[in-house]
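The chain contents come next:
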Amino acid sequence: MKIVIQRVSKASVTIKEQKVADIKNGLLVLLGIVNEDAQEDINWLVRKVANLRIFNDENGVMNKSLLESNGEVIVVSQFTLQASTKKGNRPSYIKAAKPEIAIPLYENFVKTLENELGNKVQTGEFGADMKVELLNDGPVTIIIDSKNKE
């Protein structure tokens, strides 16, 4: 499971000209899932998202977590995070989990994150053509792969 975390001043998701998610200060989390992902990957990544100290404290130092800053979250499924670009110029998405595996893991990720934060997590719609708008704050963008716990 791979995530891209972006600290945002605002973010939204629009599907068919209807805004389905809209936040102010917080995180936009893009989530890519592979067949081998399991609850262990979800639990580890959710703890990272909730506790990563990437929000400014009163001194302007990145020293507060999402939990401490009371920020909002949007989670968007994005199979293209699992793209392989090793050969040629057309990315291969063969590593990305099929919907029957990915949807339950995606939904479980969102539910687990809500439980960790004690707040509602907004989402896009799995498999939909989404327009994602964001104002990256910093910019702060972090990539985390549960298969590569550096």
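Residues numbered from 1 in each chain as written. Predicted model: local features only at pLDDT ≥ 70, side-chain atom pairs only at ≥ 80, totals over all residues. Heavy atoms only, no water.

Caption draft 1: Representation of the nonpolar core. Judged by nonpolar contacts, the single largest core of 29 residues is most densely connected at Ile 3, Val 49, Val 75, Phe 109 and Leu 113. Within the residue set of this core, elements represented by two or more residues are β1 (2-15), β3 (26-32), α1 (39-51), β6 (72-77), α3 (99-117) and β8 (130-145). Tallying contributions element by element places α3 first for this core, with 7 residues. If we ignore the near neighbours within four places in the chain, the residues touching Leu 113 are Val 46, Val 49, Val 73, Val 75 and Val 121. Residues Val 13, Ala 21, Ile 74 and Val 76 belong to the second largest nonpolar core, which totals 13 residues. (Core = buried A, V, L, I, M, F, W, Y, C linked by side-chain atoms within 4.5 Å. Buried < 20%, exposed > 50% of the residue type's maximum accessible area, 1.4 Å probe, protein only. Helix = DSSP H or I, 4+ residues; strand = E, 2+ residues; numbered from the N terminus. Contact = heavy atoms within 4.5 Å.)

Caption draft 2: Up close: the pairing of strand β2 (residues 18-23). Of the strand pairs in this sheet, β1 and β2 are connected by 5 bridges, and their pairing is antiparallel. Looking across to β2, one finds that Val 13 is bridged to Ala 21. Two successive antiparallel strands, β1 and β2, enclose a turn made up of 2 residues, where Lys 16 displays a positive phi of approximately 50°. (Pairing = 2+ DSSP bridges.)

Caption draft 3: Structural detail: the packing of aromatic side chains. Following the criterion strictly, the structure yields 2 aromatic pairs and no others. On the basis of an interplanar angle of 55° and a centroid distance of 5.9 Å, the ring pair of Tyr 106 and Phe 126 is categorised as tilted. In this pair, Tyr 106 is assigned in helix α3 and Phe 126 in the loop between β7 (122-123) and β8, connecting sequence segments 20 residues apart. Note that Lys 149 overlies the ring of Trp 44, its terminal NZ or CZ placed 5.0 Å from the centroid. (Phe/Tyr/Trp six-rings, centres within 6.5 Å; stacked < 30°, edge-to-face > 60°. Lys NZ or Arg CZ within 6 Å of the ring centre and 35° of its normal.)

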